[in-house]
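Structural characterization, general
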Amino acid sequence: MLNGTLRLVGAPKRASWDNRIERLARALEESDAVVIGAGAGLSTSAGLTYTGERFQRWFGDFIDRYGFTDMYSGGFHPFCSFEEHWAYWSRYIYCNRYVKAPGSAYDDLLALVRDRDCFVLTTNVDHQFQLAGFDIRRLFYTQGDYGLLQCSVPCHGRTYDNEGTVRAMLAAQGYVEDGVGGLHLPEGVRPRMEVPSDLVPRCPVCGKPVAMNLRSDDTFVEDEGWYRAAGRWADFQRRHERMRVLYLELGVGYNTPVIIKFPFWRAVAGNPRATYACLNLGEAVAPADIERQSILIDGDISAALAALRGR
C-alpha cells in the first residue's frame with residue numbers, strides 16, 4: 001500500500017512495556033502537534049461496554065423479552081411499534097451519549113494533550129471527547145453522533161439535537177432525576193417498554209419518521225457542523241504537513257480503516273519527521289515501511305494512557 005506490497009509488523013517482543021511508554025512520552029514531548037485517531041477500542045477501554053452489567057442494568061426487560069445478547073445488536077431488532085423502538089433507543093442513546101464513561105481513559109488523554117496543538121479524528125459517535133472536556137473545535141466525528149436525529153428519507157440536510165426528547169422518553173418510562181443531572185430508575189420500579197405516541201419523533205419538514213444521524217448508508221446527513229469540522233481537519237493537516245506530528249491511534253480496528261488507519265500510515269510515510277503510535281490490544285501493527293517511525297503498544301489503552309500520564 002505504501003511501497004507496493006504491504007507488509008505489517010507487530011509490537012516488538014523484546015521491547016518492554018516501560019521502554020515503549022518512555023518512547024511514546026518522548027515522542028509526545030518532542031512533537032509540534034498531535035493528531036488523535038480514536039476508534040471503538042478507546043471507549044471500550046474507558047468502560048463503555050455494550051454487554052455485561054451495563055447492558056443488564058439498562059436493558060434487562062428487553063433481554064428478558066427478546067433474548068438480546070448485547071446492546072448493539074438489539075438496536076437492529078424489528079420492534080413491533082415506533083413506541084417500543086424509541087423506548088429501546090432512548091435508553092441506548094442516553095447511556096452511551098449523555099453519561100460519561102466510568103473509566104479514566106478520556107480524562108488521562110485530555111491531560112496529556114491539553115496544552116498541545118492537537119486535533120481529534122474519530123469514528124466514535126458517543127460524544128465522550130466533549131464530555132471529558134475536549135474543545136469541540138478540535139474534533140471531527142466523521143460517522144455521526146448519537147445525540148443527533150435526522151429525517152430518515154432524508155428530505156433535507158439538517159440534524160436535530162435529541163437530548164430533551166431522550167430525557168422526556170426516559171421520564172415516560174419511569175426514570176427520574178438523580179439530583180446531579182443524571183437519570184436513574186428507582187429501586188423496585190420496572191420501566192415501561194414503550195414511550196407515548198406523542199413523543200415519537202418525526203421530521204419537522206415532511207413528517208416522516210426520523211433516524212439516528214449515524215453513517216450506515218447513503219441516507220446519512222452531513223450537516224453544516226459536519227462540513228465545518230471537515231474543513232478544520234483539512235486546515236490542520238495543511239498547516240502541519242511537514243512538522244513533527246505524532247499520529248496517536250487509539251483502538252482503531254479494520255471496519256473503516258480508510259478513515260483513520262490508512263491515512264495515518266500514508267501521512268507518516270510521507271513525512272520523515274512524523275511518528276505513528278498505535279495503542280491497541282491485539283492489533284498493534286504498522287507497515288514495515290514506517291517501522292522505524294512507529295511505536296506499537298499491544299495492551300490495554302487505559303493502562304497505557306495512565307502510565308503515560310504518570311511519568
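Note: the structure precedes this text.
This section reports on the structure supplied with the text. Keep in mind the model is a prediction, meaning the values are calculated, not measured.

1. Points about the overall build of the protein chain
Helix and strand counts for the protein chain come out as 11 helices and 13 strands. Across its three principal directions, the C-alpha atoms of the protein chain cover 60 × 40 × 35 Å. In the protein chain, which comprises 311 residues, the share counted as buried stands at 51%. Residue pairs in contact within the protein chain that sit at least 24 positions apart in sequence constitute 68% of those at least 6 positions apart. For the protein chain, the accessible area works out to roughly 14,800 Å², and carbon and sulfur atoms hold 50% of it. Looking at the protein chain, you have 35 positive and 38 negative side-chain charges, and the mean spots of the two groups are 6 Å apart.

2. A short note on the sheet that holds strand S11 (residues 275-279)
Here we have 6 strands laid out as an open sheet, ordered S4-S3-S2-S10-S11-S13, and parallel in their pairing. Where the open sheet ends on each side, the last strands, each with one partner, are strand S4 (139-141) and strand S13 (294-297). Between one strand and the next, the sheet's axes are offset by a mean angle of 15°, whatever the strand orientation. Of the pairings in the sheet, the one linking strand S2 (residues 33-38) to strand S10 (residues 245-250) comprises 6 bridges and is parallel in character. Within S10, the residue paired with alanine 38 across the bridge is leucine 250. Together, S2, S10, S11 and S13 form the strand contacts of helix H1 (residues 17-30), whose direction differs from that of S13 by roughly 135°.

3. Some thoughts on the nonpolar core
Soluble, globular proteins show a tendency: their nonpolar side chains are buried together. Ranked by internal contacts, the top residues of the largest apolar core, which has 36 residues, are Ile36, Leu42, Phe129, Phe134 and Leu248. At 6 residues, the largest contribution of residues to this core is made by helix H6 (residues 105-113). Apart from the residues within four sequence positions on either side, leucine 42 is in contact with Ala105, Tyr106, Leu109, Phe129, Leu250, Gly251, Ile301 and Leu305. If you look at the next biggest cluster of nonpolar residues, it comprises 32 residues, including Cys151, Leu170, Tyr175 and Cys203.

4. Concerning the packing of aromatic side chains
All told, the structure shown has 25 aromatic pairs when counted by the stated rule. Each ring, one from phenylalanine 68 and one from phenylalanine 79, has its centre 6.2 Å from the other, and the planes form 85°; the classification is edge-to-face. Remark: phenylalanine 79 occurs in the loop between helix H4 (71-74) and helix H5 (82-98) and phenylalanine 68 occurs in the loop between helix H3 (52-66) and H4; sequence separation between them is 11 residues. Assessed through its relative accessible area of 12%, phenylalanine 79 is described here as buried. Ring pairing ties together the aromatic residues Tyr50, Phe55, Phe59, Phe62, Tyr66, Phe68, Phe79, Tyr88, Trp89, Tyr92 and Tyr146, which thus form one cluster.

5. A look at H6
Summarising burial for H6: 7 of the 9 residues are buried, a large majority. Regarding H6, the residues found buried are Ala105, Tyr106, Asp108, Leu109, Leu110, Leu112 and Val113.

6. Focus on the side chain of glutamine 150
Considering the arrangement of structural elements, one finds glutamine 150 in strand S5 (residues 144-151). Owing to a relative accessible area of 2%, glutamine 150 belongs among the buried residues under this scheme. One polar contact links glutamine 150 to asparagine 213, side chain to side chain, over a distance of 2.9 Å. Setting aside its immediate chain neighbours within four residues, glutamine 150 contacts Arg158, Thr159, Val210, Ala211, Met212, Asn213, Thr219, Phe220 and Val221.

7. Considerations on the layout of surface pockets
Its volume calculated, the largest pocket comes out at about 1,300 Å³. Looking at the lining of the largest pocket, the elements that each hand over two or more residues are helix H2 (40-45), H5, S5 and strand S9 (210-214). Considered class by class, the residues forming the lining of the largest pocket number 17 nonpolar, 18 polar and 4 charged. Reported here for the second largest pocket is a volume of approximately 440 Å³. Taken together, 24 residues form the lining of the second largest pocket, with Ile136, Asp145, Leu148, Gly225 and Trp226 sitting closest to its centre.

Parameters at a glance
Residues numbered from 1 in each chain as written. Predicted model: local features only at pLDDT ≥ 70, side-chain atom pairs only at ≥ 80, totals over all residues. Heavy atoms only, no water. Helix = DSSP H or I, 4+ residues; strand = E, 2+ residues; numbered from the N terminus. Buried < 20%, exposed > 50% of the residue type's maximum accessible area, 1.4 Å probe, protein only. Contact = heavy atoms within 4.5 Å. Areas by Shrake-Rupley, 256 points an atom, 1.4 Å probe, with all protein chains shown as cover. Lys, Arg positive; Asp, Glu negative; His and termini not counted. Charge placed at Lys NZ, Arg CZ, Asp CG, Glu CD. Pairing = 2+ DSSP bridges. Axes fitted to C-alpha atoms, helices over the stretch in contact; angles between N-to-C directions. Core = buried A, V, L, I, M, F, W, Y, C linked by side-chain atoms within 4.5 Å. Phe/Tyr/Trp six-rings, centres within 6.5 Å; stacked < 30°, edge-to-face > 60°. Polar contact = N/O pair within 3.5 Å; in protein donor to acceptor, adjacent residues only side chain to side chain. 1 Å grid on protein atoms, 1.4 Å probe; cavity = no way out; pocket = protein on both sides within 12 Å on 5 of 7 lines; lining within 4 Å. Points joined across faces, edges and corners; volume = space filled by probe spheres on them. Nonpolar A, V, L, I, M, F, W, Y, C, P; charged D, E, K, R; others polar.

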